[in-house]
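Chain residues, written in single-letter form:
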Amino acid sequence: MELSVVAMLIFVIVAMLCGTPITWAIGGGCALACALDSSLSFSVLAQKVFTGGNSFSMLAVPAFYLAGDIMCKGGLSKRLVAFADSFVGWISGGISLVSIVACMFFAAISGSSVATTAAIGGLMIPEMEKRGYPKDYAAAVQAIGGTLGIVIPPSIVFVIYGNITGVSVSKLLAAGILPGILVGIALCLYAFFKAKLCNYPKQERFSITGFLLSFKHAIWALIMPIIILGGIYAGIFTPTESAVIAVFYGVLVCMAIYKEVHMLDLWEILGTTAASVSNLMILVVIAQLFGYILTYYRIPVYVTEVFMAVAWNKYVFLLLINVLLLICGMFLEVGATNLILGPILAPIAVSFGIDPIHFGMLFVYLLALGQATPPFGTTMFVACGISGVPISNIAKQLLPFIVVEIFCALLFSFVPILSTWIPSWM
């Protein structure tokens with residue numbers, strides 16, 4: 001292996017261990033490889049960076065971010081919580097089920113796990129504590145519910161994964177629908193039995209009047225994913241166009257109907273979104289440059305040969321992927337794992353005869369699971385910040401939920417129709 005690529009990989013690993021932001025760790029490694037190898041030109045690398053950002057489908061990322069921020073600020077989360085409460089609040093442990101169901105609804109709008117945990121957790125952690133639930137358990141429910149944010153479409157991570165691997169973004173988004181719902185149901189089942197075991201309180205009986213009233217208040221929020229996903233799957237517009245439509249719909253609902261967002265608020269939201277997206281997009285183009293250099297040095301070929309030697313069939317390969325991404329999720333941020341490992345592992349999966357839509361859904365789902373795993377799960381950190389509970393306490397309450405999601409990961413690994421059934425209609 002070339003000295004330059006070894007130096008690049010060592011630089012990236014050491015820089016990350018020292019706390020350097022992942023963007024600059026990867027960018028510095030690429031610059032070092034270029035400086036050490038005369039066959040690599042800085043001008044070519046600059047062109048690769050420009051080409052990486054010059055993608056029509058990548059426009060969906062800032063648009064979905066903006067739509068999620070608008071709806072989050074516009075009173076959407078409290079209406080979704082009220083609707084979920086009227087729907088499942090009367091069941092044993094109902095308020096914990098409310099949190100998970102509300103996360104599922106919000107995930108279908110925001111496309112972000114962190115935004116889902118922050119929006120729903122800010123409302124539900126104090127409410128669960130007020131109703132007699134332990135605060136660390138309340139925080140754990142929000143952290144695990146937030147993982148659904150990048151599984152249930154629209155998902156920013158699916159958009160990025162599709163762009164860097166060449167897999168259809170529309171079909172990837174469709175692939176997340178059924179698994180996202182199944183995971184939500186599985187988490188609700190565990191929360192139900194946990195509430196029974198610990199004798200947690202439940203609300204009054206189901207009221208059809210209360211349900212209809214809360215549905216009326218939340219109807220505009222519930223229509224949004226129908227418009228976005230229905231338009232994509234019906235072929236009316238592309239994922240990028242749907243993201244822009246989501247922005248206009250969010251502005252209309254939050255300013256004209258809910259009237260909780262004003263022009264000054266919109267300017268503040270635009271600034272917040274711009275800051276978030278600029279960081280993400282710099283990471284995306286730098287990671288694509290990193291992928292180009294890895295490909296130039298045939299690193300994916302070497303990795304493929306290793307997998308082929310260790311995994312004698314696709315089932316062993318899928319097991320290894322589950323273990324690998326579960327470990328990566330404990331230590332790496334979702335964006336970094338997606339951008340670094342996605343282009344390497346996707347072709348290997350195809351070489352084993354695995355459907356690229358199935359593998360893409362499984363890959364993103366395992367990234368989502370990693371957001372709640374200690375010691376560096378991002379949704380866990382958000383829940384910790386909202387609740388003020390130590391991470392160690394939340395981690396103990398999270399472990400059973402993580403086991404449930406691992407079981408779901410194995411189910412999705414070996415039953416591909418759960419991922420490919422809905423995309424097959426398209």
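In this text the structure is predicted, and so the values were computed from the model without any measurement.

Trainee: Help me out: how do you make sense of the packing of helix α5 (residues 76-88) against helix α6 (residues 94-110) in this one?
Mentor: Two quantities define a packed helix pair, namely the angle between the helix axes and the distance between the axes. It is the contact of α5 with α6, at a shortest axis distance of 8 Å, that shows an interaxial angle of 135 degrees. Relative to α6, the element α5 lies oblique. Once α5 is placed against α6, the crossing between them reads as right-handed. Counting all contacts with α5, which are made through L76, S77, L80, V81, F83, A84, D85 and V88, the residues of α6 involved are G94, L97, V98, V101, A102, F105, F106 and I109. Within the contact of α5 with α6, the residues separate by chemical class into 13 nonpolar, 2 polar and 1 charged.

Trainee: Just checking my understanding: could you explain the layout of surface pockets for this structure?
Mentor: Rolled over the atoms, a probe as big as a water molecule pinpoints where empty space is left. Space inside the largest pocket adds up to approximately 930 Å³. Lining the largest pocket we find 36 residues, and of these V12, M16, I22, L332 and I340 sit closest to its centre. Where the lining of the largest pocket is concerned, the elements lending two or more residues are α1 (3-17), α14 (263-296), α15 (299-310), α16 (314-331), α17 (334-351), α18 (356-370) and α19 (378-387). At 7 residues, the largest contribution of residues to the lining of the largest pocket is made by α17. Here the residues of the lining of the largest pocket are counted per class, giving 27 nonpolar, 8 polar and 1 charged. Counted as a void, the second largest pocket has a volume near 700 Å³. Along its surface, the second largest pocket is lined by 34 residues, and Y65, S112, V114, L280 and E333 are the ones closest to its centre.

Trainee: What is the right way to read the state of the cysteines from this model?
Mentor: Disulfide: a covalent bond connecting the sulfur atoms of a pair of cysteines. Overall, the coordinates contain 0 disulfides when judged by the stated rule. Not part of a disulfide, C103 finds its nearest cysteine sulfur in C188, a span of 9.8 Å. The buried category is assigned to C103, whose relative accessible area is 0%.

Trainee: Sorry if this is basic, but what is going on with the side chain of T117 here?
Mentor: Mapped onto the elements of the fold, T117 is located in helix α7 (residues 113-130). You can call T117 buried: its relative accessible area is 0%. Beyond its immediate chain neighbours, meaning those up to four positions away, T117 contacts G122, Q142, A143, G146, T379, V382, A383 and I386.

Conventions we followed
The numbers attached to residues start from 1 for each chain and follow its sequence in the written order. Predicted model: local features are reported for residues with pLDDT of at least 70 only, side-chain atom pairs are reported and counted for 80 or more only, and whole-chain, interface and lining totals are derived from all residues. Neither water nor hydrogens contribute to the side-chain values; these are computed over all heavy atoms in the structure. Geometry is summarised by axes, namely lines fitted to C-alpha atoms with helices restricted to the contacting stretch, and by angles between N-to-C directions that run from 0 to 180 degrees. Helical segments are the DSSP runs of H or I of at least four residues, strand segments are the runs of E of at least two, and each set is numbered from the N terminus. Roughly parallel here means an angle under 35 degrees, roughly antiparallel means over 145, roughly perpendicular means 65 to 115, and every remaining angle is called oblique. In this scheme, a crossing is called left-handed if the near helix is turned counterclockwise away from the far one by less than a right angle; it is called right-handed if the turn is clockwise. Between two residues, a contact is recorded if the distance between any of their heavy atoms is within 4.5 Å. When residues are grouped by polarity, Ala, Val, Leu, Ile, Met, Phe, Trp, Tyr, Cys and Pro land in nonpolar, Asp, Glu, Lys and Arg in charged, and all others, Gly among them, in polar. Of the two site types, the cavity is a set of points on a 1 Å grid over the protein atoms alone where a 1.4 Å probe fits but cannot get out, and the pocket is an open set with protein on both sides within 12 Å along at least five of seven lines, each lined by residues with an atom within 4 Å of a point. Grid points are joined across faces, edges and corners, and a volume is the space filled by probe spheres set on the points. Any two cysteine sulfur atoms lying within 2.5 Å of each other are counted as a disulfide. When a residue's accessible area, from a 1.4 Å probe over protein chains only, is under 20% of the maximum for its type it is buried; when over 50% it is exposed; and in between it is partly exposed.

Geometry only, nothing functional implied.
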